[in-house]
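As a plain string of letters, each chain reads:
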Amino acid sequence: MSYDNQNIFAKIIRGEIPCKRVYEDEFALAFHDIQPEAPTHVLVVPKGDFVSFDDFTQKASSEFMVGYFSAVQKTAALIGVVEGGYRIISNHGADASQSVPHFHMHILGGKPLGKLLP
Ligand code: DGP
């Protein structure tokens, strides 16, 4: 799948659509999910043209990958879920129900999350 720069997260990164920002650096923007599935639910979106985790890990430079995953950890610390625990999820493709074709990780926490899948 080729990257579509009109996807909703590309528009949020460009500032064309507002978001509730949590953290930002040169590698990533983190903001609250519009449809939270846990008391804390934040998305961490890389600032690059990557469709999914699969695409990201094939195309991103090593430096960018380190920067991005470091931004995920900094975001988790900022939103206060490190001590209590958190889950990170990234959906790739149809079977995982990926709905936005721009790579992102969900950080979920704020309560016991139970089993991995419902
Ligand atoms: P996924 O299914 O893994 O592609 O998750 C996409 C998530 O993005 C989903 O939990 C809802 C969220 N989302 C979709 N549109 C918007 C938006 O415009 N703003 C914000 N903050 N989140 C959005």
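In the block above lies the structure referred to throughout.
A brief report on the enclosed structure follows. In this text the structure is predicted, and so the values were computed from the model without any measurement.

What follows is about the layout of surface pockets. Sizing a probe to match a water molecule and rolling it over the atoms shows the empty space that remains. Within this model, the largest pocket holds a volume of roughly 920 Å³. Lining the largest pocket are 33 residues, and of these Asp33, Gln35, Glu37, His41 and His106 lie nearest its centre. Elements with a minimum of two residues in the lining of the largest pocket: helix H1 (8-13), strand E2 (28-32), strand E3 (40-46), strand E4 (86-89) and strand E5 (105-109). Top contributing element to the lining of the largest pocket by residue count: H1, with three residues.

For the rest of this paragraph, the subject is the nonpolar core. Side chains of a nonpolar character, in soluble globular proteins, are inclined to be buried together. Ranked by internal contacts, the top residues of the largest apolar core, which has 19 residues, are Val44, Phe56, Phe64, Tyr68 and Ile107. Every element with two or more residues in this core is listed here: E2, E3, helix H3 (62-78) and E5. The element that contributes the greatest number of residues to this core is H3, accounting for five residues. Not counting residues within four places of it along the chain, the set of residues in contact with tyrosine 68 comprises Phe27, Ala28, Val44, Val45, Pro46, Phe56, Phe103, His104 and Met105. By size, the runner-up hydrophobic cluster in this structure holds seven residues, among which are Phe9, Ile12, Phe31 and Val45.

For the structure shown, the criterion picks out 11 aromatic pairs. Ring geometry for phenylalanine 56 and phenylalanine 69: centres 6.1 Å apart, planes at 70°, overall edge-to-face. Taken together, the positions of phenylalanine 56 in helix H2 (residues 53-59) and phenylalanine 69 in helix H3 put the pair 13 residues apart, joining distant regions of the chain.

Together, Val82, Tyr86 and Ile88 make up an exposed nonpolar region whose accessible area comes to about 260 Å². Looking at where isoleucine 88 falls in the secondary structure, it is placed in strand E4.

Taken together, 16 residues are adjacent to the ligand, and His32, Asp33, Asn91, Ser99 and His106 come closest. Measuring from an oxygen atom of the ligand, one finds a side-chain N or O atom of asparagine 91 at 2.8 Å. Among the detected pockets, the ligand sits in the largest pocket. Secondary-structure elements contributing two or more residues to the shell around the ligand are H1 and E2. Here the shell around the ligand takes three residues from H1, the largest share from any one element. Of the residues assigned to the shell around the ligand, the class counts are seven nonpolar, eight polar and one charged.

Scanning the entire structure with this criterion turns up four salt bridges. Its salt-bridge partner being arginine 14, residue glutamate 16 comes within 2.7 Å of it at the nearest N-O pair. For lysine 59, the salt bridge goes to aspartate 55, with nearest N and O atoms at 2.7 Å. Placement of the pair is lysine 59 and aspartate 55 together in helix H2, with a separation of four residues, close to one helical turn. By relative accessible area, which is 55% here, lysine 59 ends up exposed. Where salt bridges share partners, they join Arg21, Glu24 and Lys47 into one cluster.

Rules behind the numbers
- Residues numbered from 1 in each chain as written.
- Predicted model: local features only at pLDDT ≥ 70, side-chain atom pairs only at ≥ 80, totals over all residues.
- Heavy atoms only, no water.
- 1 Å grid on protein atoms, 1.4 Å probe; cavity = no way out; pocket = protein on both sides within 12 Å on 5 of 7 lines; lining within 4 Å.
- Points joined across faces, edges and corners; volume = space filled by probe spheres on them.
- Helix = DSSP H or I, 4+ residues; strand = E, 2+ residues; numbered from the N terminus.
- Core = buried A, V, L, I, M, F, W, Y, C linked by side-chain atoms within 4.5 Å.
- Buried < 20%, exposed > 50% of the residue type's maximum accessible area, 1.4 Å probe, protein only.
- Contact = heavy atoms within 4.5 Å.
- Phe/Tyr/Trp six-rings, centres within 6.5 Å; stacked < 30°, edge-to-face > 60°.
- Patch = residues over 30% accessible without salt bridge, like charges linked within 9 Å, V, L, I, M, F, W, Y side chains within 5 Å.
- Areas by Shrake-Rupley, 256 points an atom, 1.4 Å probe, with all protein chains shown as cover.
- Salt bridge = Lys/Arg side-chain N within 4 Å of Asp/Glu carboxyl O.
- Near = heavy atom within 4 Å.
- Polar contact = N/O pair within 3.5 Å; in protein donor to acceptor, adjacent residues only side chain to side chain.
- Sits in = over half its atoms within 2 Å of the grid points.
- Nonpolar A, V, L, I, M, F, W, Y, C, P; charged D, E, K, R; others polar.

Geometry only, nothing functional implied.
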